[in-house]
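The lines below spell out each chain.
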Amino acid sequence: MAKFKSKFICRECGYETVKWMGKCPSCLMFDSFDEEVYSTEKVFENAVVIRPVTLQSIEDDNKQRIDVNMDELNRVLGGGLVKGSMVLVGGDPGIGKSTLLLQLCKSIENNYSILYISGEESLSQIGIRARRLGMKNQKLQLACETDLESIGDFIEKTRPDIAIIDSIQTIYSRQMTSVPGSANQIRNATLLLMNIAKKTDTAIFLVGHVTKDGSIAGPKILEHMVDTVLYFEGDRSSSFRILRAVKNRFGSTNEIGVFEMSDNGLEQIKNPSLRLLSGRNDGAYGSCVMPTLEGTRPIMVEIQALVCTTAFGMPRRMSTGFDNNRVTMLMAILEKVLSYKIYNCDAYVNVAGGIKINEPACDLAIITSIASSFKNKSVGNEWVIIGEAGLTGEVRAVSFIDKRIKESERLGFKKAIVPAANLNEAKKCSTGIEVFGVDNIKKALALVFE
Ligand code: TYD
Ligand code: MG
């Protein structure tokens, strides 16, 4: 006879305790514990015999994938949506998660059966949006439902190819006492849906809300349970959106998909570099272009800097799209190695287009744009600048120089500064672009400004 015990789990961080607590000792959140009742039944009591199979008997990968007919999404999914898999799509509110999934329905509706369950919007609201996206879907099945068991039952009976649950935080099970959105409910719902997905071969998309620190609300365990975790990111003020895989059991996590939010929904951007550089002001001070790598894909970004004398005692250093501490460090290098007097200057660094860069290969481009703004000299529109800066002012090698150079060339840049260590490799792949190797930042700045 099974006995039941209870434990308390923090819905923010997953910390477990046997007694309820007002404040979580791990993440310091108040009132974040939910009770969970579990059985203490002997482990092997109801065990069933498992039947392992050989690798050869498993169906070929390609047959298991659904082509979603959107290149950017296909790529992030690792070459199509795997049948029976579970994909979690997270992102800030209003970033376009529901729009993306509705568009997915639009692009493949004729070939696959899709069930769209919304716990957030009414049918007429979805209808308005769908019509706005130009959908004339005859086959798409829509439902407004938040009851887990009913949803599970329906999917099991109708076995659609794809089911979309918008959002997992609104789904709740009547068999549990905790409120919708609590760690327990989310975990339970995900587990049940996961089992159904595997059983019926239905690919399930879950939409997940994001907490203020940027992770998907609910315990981290949710991300472990699902097959694929995608984040839809972007600056709300810009229309640029990036879909990024942070976990993918069926593909690489290095891929990104680029979209732009327009009046007619999300548009795929096949050539992000061109789009990102389109608003560039040629000849402006404090602007410089570099090819950054998003996963394995080179994207040209414009890095802007504004340096001006501070009006207060404490100079400000602000950066958008790039690590603030690193900007402070790069400015210190400029000050020490090149004797720039920027200690009493405010500095603002911005990566245009709302893109975020976290690779050191753009150090040299940031240094150059800061120097350009400080000296009031333009970098000119023929240059791209690539390189990581070291603390003594040396320029270090970067990875994938060939991809970066090719992309620069494709967009019509004529001259590139690369780390000396990458020069040979860069020369091999450059035909219409002149490459210059530098081993310290002084040489790089001399080449650009003199
Ligand atoms: P939505 O998909 O509802 O976001 P989420 O599900 O992530 O919360 O996105 C809604 C936003 O997108 C809203 O701010 C309006 C904008 N939008 C457009 O600009 N154009 C469109 O065609 C649509 C459908 C939405
Ligand atoms: Mg939504």
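Residues numbered from 1 in each chain as written. Chains lettered and ligands numbered in written order. Predicted model: local features only at pLDDT ≥ 70, side-chain atom pairs only at ≥ 80, totals over all residues. Heavy atoms only, no water.

1. Structural notes on a nonpolar patch on the surface
Heads up, the rule is: Nonpolar side chains (Val, Leu, Ile, Met, Phe, Trp, Tyr) are joined into patches within 5 Å and like charges within 9 Å, using only residues with over 30% relative accessible area and no salt bridge. For the accessible areas, the method is Shrake-Rupley and the probe is 1.4 Å, while residue cover comes only from the protein chains on display. Every case where a carboxyl oxygen of Asp or Glu lies within 4 Å of a side-chain nitrogen of Lys or Arg is listed as a salt bridge. Counting from the N terminus, the helices are the DSSP runs of H or I reaching at least four residues and the strands are the DSSP runs of E reaching at least two.
Judged by side-chain polarity, Val-53, Leu-55 and Ile-58 come together as a nonpolar surface patch covering roughly 350 Å² of accessible area. Considering the arrangement of structural elements, one finds Ile-58 in the loop between strand E3 (33-39) and strand E4 (65-66).

2. Remarks on the nonpolar core
Quick reminder of the rule: Nonpolar cores were defined as sets of buried Ala, Val, Leu, Ile, Met, Phe, Trp, Tyr and Cys residues, with membership established by side-chain atoms within 4.5 Å. Think of it in three bands: residues with accessible area under 20% of the maximum for their type are buried, residues over 50% are exposed, and the middle band is partly exposed, with areas taken using a 1.4 Å probe on protein chains only. Reported domain spans reflect what an automatic or database domain assignment gives.
Within the largest apolar cluster, 65 residues are counted, with the highest numbers of intra-cluster contacts made by Val-301, Ile-303, Ile-370 and Ile-405. Composition of this core by domain shows at least three residues from each of domain 2 (66-270) and domain 3 (277-448). Among the nonpolar cores identified, the runner-up in size contains 34 residues, and Leu-73, Ala-130, Ile-162 and Phe-205 belong to it.

3. Regarding unusual backbone geometry
For residues besides glycine, phi is generally negative; the peptide bonds are generally trans as well. Omega for the peptide link from Asp-166 to Ser-167 comes to 5 degrees, which places this bond in the cis form. On the secondary structure map, Ser-167 appears in the loop between strand E9 (162-166) and helix H5 (183-200). Of note, the phi angle at Leu-28 is positive, near 65 degrees, even though the residue is not glycine. Note on Leu-28: relative accessible area 52%, which makes it exposed. One non-glycine residue with positive phi stands out, namely Asp-201, at about 65 degrees. As for its position among the elements, Asp-201 is in the loop between H5 and strand E10 (203-208).

4. Looking at the domain arrangement of the chain
Accessible area lost upon the coming together of the parts serves often as the stated size of an interface. We apply this condition: Between two residues, a contact is recorded if the distance between any of their heavy atoms is within 4.5 Å. Accessible area, probed at 1.4 Å, shrinks when two parts are joined; the buried area is that loss added up over both.
One can read the domain layout of the chain as domain 1 (1-58), domain 2 (66-270) and domain 3 (277-448). Look at where the C-alpha atoms of domain 1 and domain 2 centre, and you get two points 25 Å apart. Contacts between domain 1 and domain 2 engage 6 residues on the former and 7 residues on the latter. Taken as a group, Arg-11, Asp-34 and Glu-36 account for 57% of the area that domain 1 buries against domain 2, more than any other trio of residues on that side. Applying the counting criterion to the domain 1 and domain 2 interface returns 1 salt bridge. With a closest N to O distance of 2.3 Å, Glu-36 and Arg-187 form a salt bridge. With 3 residues, the top contributor of residues to the side of domain 1 that touches domain 2 is E3.

5. Observations concerning the site of ligand 1
The criterion, for reference: If even one non-hydrogen atom of a residue comes within 4 Å of a molecule or strand, that residue is called near it. Under the rule applied, a polar contact is a pair of N or O atoms within 3.5 Å (in protein, one hydrogen donor and one hydrogen acceptor; residues adjacent in sequence only if both atoms are side-chain atoms). Each residue is assigned to one of three groups, with Ala, Val, Leu, Ile, Met, Phe, Trp, Tyr, Cys and Pro labelled nonpolar, Asp, Glu, Lys and Arg labelled charged, and all others, Gly among them, labelled polar.
Lining the immediate environment of ligand 1, one finds 16 residues, of which Gly-94, Ser-98, Thr-99, Ser-262 and Gly-265 sit closest. Residue Gly-96 places a main-chain N or O atom 3.1 Å away from an oxygen atom belonging to ligand 1. In the environment of ligand 1, an oxygen atom lies 2.8 Å from a nitrogen or oxygen atom belonging to the backbone of Lys-97. Relative to its free-state accessible area of 560 Å², ligand 1 is covered by the protein chains to the extent of 74%. By residue number, the principal contributor to the shell around ligand 1 is helix H2 (residues 97-108), which donates 3 residues. Its residues assigned to classes, the shell around ligand 1 shows 4 nonpolar, 7 polar and 5 charged.

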